[in-house]
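Here are the chains, one letter per residue:
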Amino acid sequence: MSTQESRPDLGIDFAGHHFRNPVTVASGTFGSGLEYSRFVDLNTLGAVTTKGVSDKPWEGNPTPRVTETPSGMMNAIGLQNPGVDVFIERDLKFLAGYDVPVIVNVCGHSVEEYEAVVERLADDDRVEMLEINVSCPNVKQGAIQFGTDPGMLTEVTGKCRSKAKNKPVIMKLTPNVTSIAEMAKAAEQGGADGISLINTFTAMKIDIYRRRFVLGNRTGGLSGPAIHPIAVRMVYEASHAVKIPVIGMGGIATAEDAIEMMMAGAVMVAVGMVNFTKPDAVTDIINGMEKYLTDTKTHDIRSIIGLL
Amino acid sequence: METEKIRKRSRITEKELLAPDIYRLSFETDLCSSAEPGQFILVYPPDGAKLLGRPICIADVTSAGSGDAGQRLSIVFRIAGSGTREIASCEKNDILFIEGPLGHGYPSDDDLLKGRDIVLLGGGLGAPSLLFLAKKLAERKDIPGSITVILGYRDSSLDHFLADDFRRIGIETLIATDDGSEGIRGNVLDAMDSSGIRADLIYACGPMPMLSAVKRYSTERSIPAYVSLEEHMACGVGVCLGCVVRTAEKDPHSHVYNARICTEGPVFDIKDVEI
Ligand SMILES: Cc1cc2nc3c(=O)[nH]c(=O)nc-3n(C[C@H](O)[C@H](O)[C@H](O)COP(=O)(O)OP(=O)(O)OC[C@H]3O[C@@H](n4cnc5c(N)ncnc54)[C@H](O)[C@@H]3O)c2cc1C
Ligand SMILES: Cc1cc2nc3c(=O)[nH]c(=O)nc-3n(C[C@H](O)[C@H](O)[C@H](O)COP(=O)(O)O)c2cc1C
Ligand code: FES
């Protein structure tokens with residue numbers, strides 16, 4: 001048998017779309033690929049997932065916006081982004097120079113703002129799928145998030161779905177809920193083509209010597225290896241509650257973490273914070289996954305999805 | 001597609017205690033041959049539980065002695081918390097991951113420097129990045145103006161660390177202390193005025209209150225000034241948007257009134273930033 005034939009197949013299908021491998025990057029941890037394209041061959045990724053984009057530019061939060069925590073970090077960037085017009089003109093144009101599918105992460109303060117962005121991208125051939133971040137603060141309804149109320153999640157999913165035309169709509173779930181299975185079902189009920197999880201855990205850090213909050217926003221989202229075991233549990237629970245496919249993320253730092261996430265039920269996986277600590281981490285993870293399959297004589301990565 | 005490696009294992013070739021809690025480390029590395037003054041590196045703490053690199057200015061880059069591989073890059077840092085404490089606990093021949101060179105340093109093109117009297121203002125741990133700048137400026141035979149550095153310290157407890165390094169380069173070096181225990185009493189701007197030093201161009205690195213004062217000073221007198229800023233960082237390469245500073249105009253990259261200190265900075269034209 002030639003080595004060519006014995007190479008394992010990393011290809012997967014997600015919401016009717018084929019990807020060369022299951023590995024994408026977590027929104028907000030890879031920009032639009034421009035900076036990391038110096039260190040990572042974007043054409044080797046399963047997909048690039050871009051930083052959350054809104055209909056108008058967002059300024060984001062006061063600094064400090066990031067801080068380190070044991071085996072992880074907290075961020076309160078506040079979804080700073082240049083708005084969908086610049087995103088289309090600049091970021092999508094840049095990514096079109098590569099042979100890599102693009103998942104666009106969308107944010108908004110209101111259902112109308114989500115709809116506006118989805119509408120702008122629905123006909124764009126350069127967009128493979130849309131990922132809707134329902135963890136943004138909902139200004140109209142007060143300070144709660146769309147992603148923590150099942151009724152509102154179903155509603156915003158339905159609204160985005162109806163504007164997205166033939167683009168798959170993936171709802172990105174927050175872990176800051178009592179039952180992730182219930183939220184997964186709410187997204188499925190609204191017509192989602194897939195779900196992704198987890199977003200960050202709301203957290204707080206206090207500087208005891210200066211006697212003040214470390215982050216300008218007081219609270220921030222916890223991510224990184226520290227949250228990985230919780231993410232695995234939530235991906236397991238969510239994927240068992242619905243029929244639609246799952247993108248699993250949360251603290252993936254190694255190929256083993258990614259394989260574990262797939263065994264828990266994820267069809268695709270996203271690498272987040274670890275991009276910051278090792279600019280070519282995602283390359284090592286993809287290579288490591290292939291090696292795992294070879295070493296364990298697993299010919300098709302699809303055979304490990306939801307194994308447990 | 002060709003990709004670059006900017007994060008590499010690097011051997012510590014020298015470790016020196018400069019003042020209480022302030023260390024100089026030199027690394028053997030091929031990463032920073034093109035490094036410019038004002039650029040920085042991320043130094044990764046050795047214990048795997050701390051994941052993010054610590055941003056530290058490049059204090060010098062020199063070529064290695066004959067027979068040695070790579071170049072020598074040195075940093076000067078203070079133990080400010082648990083990450084820098086871990087880094088400071090490393091010894092000669094230990095290996096750390098470093099990443100760089102990152103960001104944009106102090107501009108020093110001929111048009112900017114020509115005929116100007118240059119003053120470097122360093123507050124506390126702002127001195128290291130100015131040391132590399134001073135060295136590069138001193139090598140430029142084409143600068144007709146004078147170069148002076150004023151180093152500000154709170155008191156004499158830090159032993160005016162690095163002052164002798166500036167003097168060794170042959171640069172006029174003044175010291176100011178808040179309590180007057182050494183050099184001129186007052187801050188670096190007081191020292192500049194009381195010594196009658198003229199500045200046509202200012203480079204400054206130090207704590208934010210000092211930089212804000214430099215902004216007022218240089219604006220009132222229309223003196224061009226460049227400042228090196230600090231902010232908490234995660235990626236160091238412009239991706240996370242963690243390290244921003246408010247800008248006077250809309251930033252061409254972000255399209256809002258924010259620029260990334262790690263990428264557009266850490267050195268900015270003082271007119272461009274709200275500090
Ligand atoms: C561009 C740049 C250049 C710098 N150059 C130098 C230098 O030459 N010498 C020197 O002594 N210090 C320098 N600093 C400050 C240095 O990065 C911090 O002192 C260091 O990160 C503190 O880490 P820690 O783990 O010891 O502290 P902790 O307080 O335990 O750190 C917790 C987290 O906060 C971050 N953090 C805390 N304080 C700062 C700060 N002031 N700036 C940025 N991040 C911070 C840390 O990186 C870490 O992620 C520079 C900072 C920047 C942004
Ligand atoms: C700095 C930073 C910015 C982020 N920005 C976004 C964003 O714009 N949209 C989004 O849906 N998630 C965002 N996230 C969440 C990540 O996509 C991911 O869900 C989370 O960090 C968990 O993965 P990790 O532990 O591998 O980082 C961000 C995370 C970080 C650390
Ligand atoms: S540290 Fe990430 S953008 Fe500057």
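Definitions and limits used
- Residues numbered from 1 in each chain as written.
- Chains lettered and ligands numbered in written order.
- Predicted model: local features only at pLDDT ≥ 70, side-chain atom pairs only at ≥ 80, totals over all residues.
- Heavy atoms only, no water.
- Near = heavy atom within 4 Å.
- Polar contact = N/O pair within 3.5 Å; in protein donor to acceptor, adjacent residues only side chain to side chain.
- Areas by Shrake-Rupley, 256 points an atom, 1.4 Å probe, with all protein chains shown as cover.
- Nonpolar A, V, L, I, M, F, W, Y, C, P; charged D, E, K, R; others polar.
- Core = buried A, V, L, I, M, F, W, Y, C linked by side-chain atoms within 4.5 Å.
- Buried < 20%, exposed > 50% of the residue type's maximum accessible area, 1.4 Å probe, protein only.
- Contact = heavy atoms within 4.5 Å.
- Helix = DSSP H or I, 4+ residues; strand = E, 2+ residues; numbered from the N terminus.
- Expected span 1.5 Å × (residues − 1).
- Buried area = accessible area lost by both parts, 1.4 Å probe.
- Salt bridge = Lys/Arg side-chain N within 4 Å of Asp/Glu carboxyl O.
- Pairing = 2+ DSSP bridges.
- Axes fitted to C-alpha atoms, helices over the stretch in contact; angles between N-to-C directions.
- pLDDT = per-residue confidence, 0-100.

Q: Can you help me understand the site of ligand 1 in this one?
A: For ligand 1, the set of nearby residues contains 20 residues, the closest of which are B:Arg54, B:Pro55, B:Arg78, B:Gly83 and B:Thr84. Residues close to ligand 1 are split across chains A and B. One nitrogen or oxygen atom from the main chain of B:Gly81 is found 2.9 Å from an oxygen atom belonging to ligand 1. Within the side chain of B:Thr84, a nitrogen or oxygen atom sits 2.4 Å from an oxygen atom of ligand 1. Relative to its unbound accessible area of 830 Å², ligand 1 is 86% covered by the protein chains.

Q: In this structure, what is going on with the site of ligand 2? I would like to understand it.
A: Residue and element names in this part refer to chain A. Contacts to ligand 2 come from 25 residues, most closely from Ser 27, Lys 172, Gly 224, Gly 251 and Met 273. Between an oxygen atom of ligand 2 and a main-chain N or O atom of Met 273, the distance comes to 2.8 Å. The fraction of the free accessible surface of ligand 2 (600 Å²) that becomes covered by protein chains is 98%. Counted by class, the shell around ligand 2 contains nine nonpolar, 14 polar and two charged residues.

Q: Whenever I open this one, the nonpolar core confuses me. Can you help?
A: One broad rule of soluble globular proteins: the nonpolar side chains tend to lie buried together. Counting 145 residues, the largest nonpolar core has A:Leu121, A:Met171 and A:Ile195 as its most contacted members. In this structure, A:Ile195 is in contact with A:Phe14, A:Ile170, A:Met171, A:Leu173, A:Ala184, A:Ala187, A:Ala238, A:Val242, A:Ile244, A:Pro245, A:Val246 and A:Ile247, ignoring residues within four places of it in sequence.

Q: Explain helix H6 (residues 228-241) of chain A here, please?
A: Each α-helix winds once per 3.6 residues, and so residues spaced three or four apart point in a common direction. Residues and elements named next belong to chain A. The terminal C-alpha atoms of H6, which comprises 14 residues, lie 20 Å apart, in line with the 20 Å expected from a rise of 1.5 Å per residue. What H6 keeps buried is the set His 228, Ala 231, Val 232, Met 234, Val 235, Ala 238 and Ser 239. Residues of H6 that are buried in the fold lie against helix H5 (180-189), strand E10 (194-197), strand E11 (201-204), strand E15 (246-249) and helix H7 (255-263).

Q: Teacher, can you tell me more about the interface of chain A and chain B here?
A: In this complex, chain A contributes 42 residues to the contact, which on the side of chain B involves 34 residues. When the buried surface of chain A facing chain B is broken down by residue, A:Glu59, A:Glu68 and A:Phe276 rank first, second and third, together holding 19% of it. The interface formed by chain A and chain B contains five salt bridges. A salt bridge links A:Glu59 to B:Arg246, with the shortest nitrogen-to-oxygen separation between them at 3.0 Å. Taken together, the connections running from chain A to chain B amount to 18 residue pairs in polar contact (both at pLDDT 80 or more). Sorting the residues of the side of chain A that touches chain B by element identifies strand E5 (66-69), strand E6 (72-75), helix H2 (84-96) and helix H8 (274-277) of chain A as the ones contributing at least two each. A per-element tally of the side of chain A that touches chain B places E5(A) first, with four residues. Partitioned by chemical class, the residues of the side of chain A that touches chain B number 19 nonpolar, 13 polar and 10 charged.

Q: Quick question: what am I supposed to make of the pattern of salt bridges here?
A: Any two side chains of opposite charge can pair, given that their charged atoms come close. According to the stated counting rule, one finds 39 salt bridges over all chains in the structure shown. Two residues, B:Arg24 and B:Glu16, come together in a salt bridge whose shortest N-O distance is 3.2 Å. The exposure class of B:Arg24 is buried, given its relative accessible area of 13%. Classification of B:Glu16 as partly exposed rests on a relative accessible area of 36%. Overlapping salt bridges, with partners in common, bring together A:Asp9, A:Asp13, A:Asp300 and A:Arg302 in one network.

Q: I'm lost on the sheet that holds strand E9 (residues 147-153) of chain B in this one. Help?
A: Hydrogen bonds between backbone atoms are what pair the strands of a sheet, whose relative direction is either parallel or antiparallel. Residue and element names in this part refer to chain B. Spatially, the seven strands line up as an open sheet ordered E11-E10-E9-E8-E12-E13-E16, and their pairing is mixed. The open sheet terminates on both sides in strands that have one partner only, identified here as strand E11 (184-185) and strand E16 (267-269). In the sheet, strand E8 (residues 118-123) pairs with E9 via six bridges, with the strands oriented parallel. By the bridge assignment for E9, Gly 123 is matched with Gly 152. Along the sheet face, helix H3 (residues 127-139) touches E8, E9 and strand E12 (201-205) and points at about 160 degrees away from the line of E8. Lying on the sheet, helix H6 (residues 208-220) is in contact with E8, E12 and strand E13 (225-228); it crosses E12 at an angle near 165 degrees.

Q: How should the confidence of the model for chain B be read in this particular structure?
A: In regions of low pLDDT, the predicted coordinates are not meant to be interpreted in detail. Scored by pLDDT, chain B has a mean of 94; 98% of the residues are at 70 or more. The ipTM value of the predicted complex is 0.95, and its pTM value is 0.96.

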